[in-house]
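Fold and geometry: a report
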Amino acid sequence: MYELKNHTEIVVQQALQDYLRINQLSCSCERCQADIMAHALNRLPARYYVSSRGEIMTQWESQALPDQARIMSEVVRAAQQVNATPSHPLD
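The shown structure was predicted, so the numbers you read here are calculated from the model rather than taken from an experiment. (Residues numbered from 1 in each chain as written. Predicted model: local features only at pLDDT ≥ 70, side-chain atom pairs only at ≥ 80, totals over all residues. Heavy atoms only, no water.)

1. A few points about the overall build of the protein chain
For the protein chain, the count of helices and strands is four helices and two strands. The linear arrangement of helices and strands in the protein chain, starting from the amino end, is β-α-α-β-α-α. Along the first, second and third principal axes, the C-alpha atoms of the protein chain reach 45 × 30 × 20 Å. Here the protein chain holds 91 residues, and 29% of them are scored as buried. Long-range contacts, defined here as pairs at least 24 residues apart, represent 81% of the contacts in the protein chain between residues at least 6 apart. For the protein chain, the accessible surface area stands at approximately 6400 Å², while carbon and sulfur atoms represent 52% of it. Averaging the locations of the 8 positively and 10 negatively charged side chains of the protein chain gives two centres separated by 5 Å. (Helix = DSSP H or I, 4+ residues; strand = E, 2+ residues; numbered from the N terminus. Buried < 20%, exposed > 50% of the residue type's maximum accessible area, 1.4 Å probe, protein only. Contact = heavy atoms within 4.5 Å. Areas by Shrake-Rupley, 256 points an atom, 1.4 Å probe, with all protein chains shown as cover. Lys, Arg positive; Asp, Glu negative; His and termini not counted. Charge placed at Lys NZ, Arg CZ, Asp CG, Glu CD.)

Given below as structure tokens:
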């Protein structure tokens with residue numbers, strides 16, 4: 001059986017890590033990071049691939065500046081939303 005992979009998920013995870021290196025949130029625990037990723041991924045198109053060729057094509061297509069800007073924009077929006085209303089109490 002072939003394994004489906006979503007390139008958008010990989011790119012959003014990297015964008016979130018880049019964002020967290022520069023910005024501090026009230027909480028950046030694993031749960032909050034997962035919430036941020038879920039919010040961002042729900043607003044971005046999925047880009048699935050199965051083969052190595054599909055992975056290369058998907059990576060090449062995602063290098064366009066508008067895609068990168070949209071992904072970071074959604075990560076920032078999601079981070080602000082989760083930071084304002086985390087899904088757990090802050091200690």
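2. Here's the deal with helix α3 (residues 52-62)
Listed as buried for α3 are G54, T58 and S62. Along the axis of α3, the buried residues cluster in a sector spanning 65 degrees; they form a single face. Turned more than 90 degrees away from the buried face of α3 sit S52, R53, I56 and W60, all of them exposed. (Arc of directions from axis to C-beta.)

3. Re the environment of Q59
Within the secondary structure, Q59 sits in helix α3. The spacing of Q59 and A84 is 25 residues in sequence and 32 Å in space, taken between C-alpha atoms.

4. Comments concerning the nonpolar core
Ranked by internal contacts, the top residues of the largest apolar core, which has 17 residues, are V12, L16, Y19, L25, I36, I71 and V75. At the level of elements, α1 (7-22), α2 (30-42) and α4 (65-84) are the ones that each hand at least two residues to this core. Among residues more than four places away in sequence, those in contact with I71 are V11, V12, A15 and L44. (Core = buried A, V, L, I, M, F, W, Y, C linked by side-chain atoms within 4.5 Å.)

5. Concerning α1
For α1, spanning 16 residues, the distance from its first C-alpha to its last is 23 Å, which sits close to the expected 22 Å at 1.5 Å a residue. Listed in full, the buried residues belonging to α1 are H7, T8, V12, A15, L16, Y19 and L20. The backbone nitrogen of T8 lies 3.0 Å from a side-chain oxygen of the residue at the head of α1, namely N6. (Expected span 1.5 Å × (residues − 1). Polar contact = N/O pair within 3.5 Å; in protein donor to acceptor, adjacent residues only side chain to side chain.)

6. Let's talk about the pattern of salt bridges
If you walk through the whole model with that rule in mind, you get five salt bridges. The partner of D18 in a salt bridge is R21, and the shortest N-O contact between them spans 2.6 Å. Residue D18 and its partner R21 are both found in helix α1; the two are separated by three residues, about one turn of the helix. Residue R21 is classed as exposed on the basis of its relative accessible area of 61%. Measuring nitrogen to oxygen at the nearest pair gives 3.0 Å for the salt bridge that ties R47 to D67. Taken together, the residues span a long stretch of sequence, with R47 in the loop between α2 and β2 (48-49) and D67 in helix α4 at a distance of 20 residues. A residue is classified by how much of its surface remains accessible, and R47, at 24% relative accessible area, is partly exposed. A cluster of three or more residues bridged by salt bridges with shared partners is formed by R43, E74 and R77. (Salt bridge = Lys/Arg side-chain N within 4 Å of Asp/Glu carboxyl O.)

7. Looking at the side chain of D35
Mapped onto the fold, D35 is located in helix α2. Other than its neighbours up to four places away in sequence, D35 contacts V82 and S87.

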